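Close look at the chain arrangement
Each chain, letter by letter, is given below.
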Amino acid sequence: MVWDEVETLQLTSPRYNQAAGSALMCRITEGLVLDVLKSSGCNNTKSCVVLPVATGMALLTSLLYLRQCNPQASIVIWPRIDQGTCVKAPQTAGCELLVVEPVLEGDSLVTNVGRVEELIRHHGDKVLCVLTTTSCFAPRTPDKLVHIAELCKSNNVAHLVNNAYGIQCSRCMGLINTASLNGRVDLYVQSLDKNFLVPVGGSIVAGFSKEIISAVSRTYPGRGSSSPVLDLFITLLSMGREGFFQLVSQRKEVYKKLKIKLQDLANVYKERVLETPNNQISLGFTLTPSNYKEDMKLTVIGSKLFTRNVTGARVVTCSGSKTVGKVTLDKWGSHSNEYPTPYITFAAAMGMTENDVEVLVEKFGQILAKVSVV
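Model, not experiment: these values are computed from the prediction.

Now for helix H9 (residues 227-268). Counted at 1.5 Å a residue, the expected span for H9 with its 42 residues is 62 Å, but the 48 Å between its end C-alpha atoms falls short. Its maximal kink placed at Gly240, H9 deviates by approximately 90°.

Below is the structure:
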């Protein structure tokens, strides 16, 4: 725990204002989480709050706080990432979402910083914030946070970062830290279940000003369940610092092994692993339509994996569209209107073991052997 924070712990909290015991547990847990955030690479972080809601609602809470600070602004500039939550939260907050399509560099989809700057200057004071993303599915890569943060600072625009499962990735945390030192980052949001292996239903909002985090905490209406905080509290005490960072190190090794194994499999079936070196969590594996039976939908591969107890894999066909609220995104799932090839993604997530990789690749190989014509 960050021991110099202990003296500031209070027995009152906007979320637990009638339960001193819960408030104390909440504040101690937040001290433990702050230590994790700093030790994970974002050591400029000054404060955090654990909310009893999942990531999307935490993003919404953050946006509502930013709207209170700047009620005349309602435009959110959003470098596209195809996750429904990121589209829903700004619209639920009453904001207009301006989508910035990524740029294709090799296999990677990267931030179009020039377009973000153009929109900021065109809309001026109407811009509430830029909503960027770190952790994401390949071939999308983390946004160019430092460049965006510098733009936000020079144009006095708020900057909110969706760091959903980025705590487990030192590169994501380092990006946020560097961006906060060189530009403007108001808040960054992350999930409890994806980073700490606890049940779904909690999130962390962190930032670089104690006053801002305190204000976000006060924005939360009413009281909330203490279960997410209790789960996290018990988990952190059970793991300890050493246990948590052992899992982080293990995840990095799992990523390396997963990439090698998928490359071996790709060589057999005339596919390839997408080269997205800046994404250290997710990997993409091409699915060239001509390599498979003519009457088969590529999504069948994902279904077959699921029925074999492989979850989390995602087949992207680069076709179709999806409308969320007032926003329609073509080629939904691919993060881009122009990605050239279908693919399937796999993630090296927290808690995954090298044995899991062996089982995954074996089952994936068995499926490919049945559906491929190569």
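Now that the structure is up, let's keep going.
This brings us to the environment of Thr235. For Thr235, the position within the fold is in helix H9. With relative accessibility at 17%, the residue Thr235 sits in the buried group. Between the alpha carbons of Thr235 and Leu59 there is a distance of 24 Å; along the sequence they are 176 residues apart. Excluding residues that lie within four positions of it along the chain, Thr235 makes contacts with Phe196 and Val198.

Under the counting rule described, the total for this entry stands at six aromatic pairs. Centroid distance Phe196 to Phe244: 5.4 Å. Interplanar angle 25°. Geometry classified as stacked. Placement of Phe196 in helix H7 (residues 192-196) and of Phe244 in helix H9 is noted, with a sequence separation of 48 residues between them. Assessed through its relative accessible area of 0%, Phe196 is described here as buried. Residues Tyr339 and Tyr343 carry aromatic rings whose centres are separated by 5.6 Å and whose planes lie at 75° to one another, so their mutual orientation is edge-to-face. Here the two residues Tyr339 and Tyr343 agree in accessibility, since each one is buried. Site record: aromatic cluster; members linked through ring pairs are Phe196, Phe244 and Phe245.

Thresholds applied
- Residues numbered from 1 in each chain as written.
- Predicted model: local features only at pLDDT ≥ 70, side-chain atom pairs only at ≥ 80, totals over all residues.
- Heavy atoms only, no water.
- Helix = DSSP H or I, 4+ residues; strand = E, 2+ residues; numbered from the N terminus.
- Expected span 1.5 Å × (residues − 1).
- Bend = angle between axes of the 7 residues up to and from the residue.
- Buried < 20%, exposed > 50% of the residue type's maximum accessible area, 1.4 Å probe, protein only.
- Contact = heavy atoms within 4.5 Å.
- Phe/Tyr/Trp six-rings, centres within 6.5 Å; stacked < 30°, edge-to-face > 60°.

Note that every value here comes from positions in space, so none of it alone points to a role or purpose.
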